[in-house]
Amino acid sequence: MRKEADDALVLEESDLCRIPARQRESNKGTYGPLLCIAGSEGMAGAAYLTALGAYRSGAGLVRILTPEVNRSVLQIQLPEAIVESYDLETEAVTAENPERQFLAQQQGSITVSEEEEPAGQAKNQRLPLSLARLEELLASSKAVVIGPGLGQSEAAVALVKETLSRCEVPLVVDADALNLIARRPSLLSYRKSNWIFTPHPGEMSRLTEHEIPEILCESRAIAAAYRDHYGVTVCLKTSESIIAAAESRKIYRNESGTPALAKAGSGDVLSGIIAGLLCLGMEPGAAAAYGAYLHGRAGQVAAGKFSLHGILARDIADAVPTVMRSAQTIELEDMGEE
């Protein structure tokens, strides 16, 4: 790791030995469970890629909370994951439908109301599973990811609000969850120092109202300012991503990466990688910094195999173990197994 003139820290391949070693006496529960709240109808891929990234970076057990319509494809594509599903066919609860509201209360579902709901939209959203079940999933998880492919539906609003308000473990907030926070700033009242925001410039623009060109020119200052104001770790994704760590106050600049990463699903993989490192026991700021480095290096490895134009997001996830191998080799040598 080197320190730049502006005090930003830059990770190098030799730093991978700092990733926590896998204990000899351990099991899948030692490195999980990770809960991925991801996907919507037509967006099963986002949930898949997030979970795959997490498994490839070290998570021992991944659970995916997603609509029932996604179950089959996820169980086929990633049988190692446990799929928890909910039904999107349920009619939304509104104040104008008291009979439906009574039924929802009897079934253990809840209705949430947002004061800052955009004009012309319903102010009440129904959580698409029982609150007790959501609380159980959150309480039994070592880390949580929310947002990839989640959409902007009423169910998504309710899931984001109830997760943010109840989650106590490290939480990676990405994609649609960030967009919902930008539309409903009151959700930031639940913020905790173990949250990691992973916005691209467009999402950061919506969160801060800075224009994208300004964000690209002043990424460090804007990421650090957001961190300082809200107390969360920020991983601002650009060609040289900036990570502003909440707990250590460090600033990292990521110099790994390649234009090959400009593919759909690449950000979902990054969120999963960061979450996998959280499951290994890394602090949020370090997990975000090392996750960004691994993601960039994995993109370089995948591009070397498939070309700059030809890689898919899943290729990035599948290349992560190759990058992590250098750290694993050190561990095995220490254990006398090589």
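Each value, and the rule that gives it
Here, residues in each chain are numbered from 1, in the same order as that chain's written sequence. Reporting in this predicted model follows two pLDDT cut-offs: at least 70 for local features of residues, and 80 or more for side-chain atom pairs to be given and counted; totals over whole chains, interfaces and linings ignore these cut-offs and use all residues. Side-chain metrics in this entry use all non-hydrogen atoms of the structure; hydrogen atoms and water are not considered. Confidence scores labelled pLDDT are given residue by residue by the predictor and lie between 0 and 100. Residue contacts are defined here by distance: any two heavy atoms, one from each residue, within 4.5 Å place the two residues in contact. Remark: exposure states derive from per-residue accessible area (1.4 Å probe, protein chains only) relative to the maximum for the residue type, with buried under 20%, exposed over 50%, and partly exposed in between. Helix numbers and strand numbers start at the N terminus; a helix is a DSSP run of H or I with at least 4 residues, a strand a run of E with at least 2. For two strands to be treated as a pair, DSSP must find at least two bridges joining them. Here a polar contact means two N or O atoms within 3.5 Å. Within protein one must be a hydrogen donor candidate and the other an acceptor candidate, and residues neighboring in sequence count only if both atoms are side-chain atoms.

S.K.: Just to check I follow, could you spell out the confidence of the model for the chain for this structure?
M.R.: Should pLDDT be low for a region, the predicted coordinates there are not to be read in detail. Per-residue pLDDT for the chain averages 89, and the proportion of residues at 70 or more is 86%. Contacts of residues 91-116 to residues separated by more than four positions or lying in other chains number 54 contacts, the stretch itself having pLDDT below 50. Every residue in residues 118-123 is under pLDDT 50, and counting partners more than four places away or in other chains gives 11 contacts.

S.K.: Could you clarify how one ought to interpret the pairing of strand β11 (residues 233-236) in this entry?
M.R.: A regular strand places its side chains so that they alternate between the two faces of the sheet. Because side chains alternate across β11, one face comprises the buried residues Thr233 and Cys235, and the other comprises Val234 and Leu236, equally buried. The sheet contact formed by strand β10 (residues 195-197) and β11 spans 2 bridges and is parallel. Residue pairing for β11: Ile196 is matched across the bridge by Thr233. Here β11 runs beside strand β12 (residues 242-244); their pairing, made up of 3 bridges, is antiparallel. The residue bridging Cys235 from the neighbouring strand is Ile243, located in β12. Between the end of β11 and the start of β12, which pair antiparallel, lie 5 residues.

S.K.: Looking at this structure, I do not really get the environment of Lys142. What am I missing?
M.R.: Turning to its location among the elements, Lys142 is positioned in the loop between α4 (131-139) and β8 (143-146). In this structure Lys142 comes out as partly exposed when scored by relative accessible area, which is 32%. Excluding residues within four positions of it along the chain, Lys142 makes contact with Thr30, Gly32, Pro33, Val169, Pro170, Leu278 and Cys279. A polar contact of 2.8 Å, which involves the side chain of Lys142, links it to the backbone oxygen of Thr30. At 3.3 Å, the side chain of Lys142 forms a polar contact with the backbone oxygen of Cys279.

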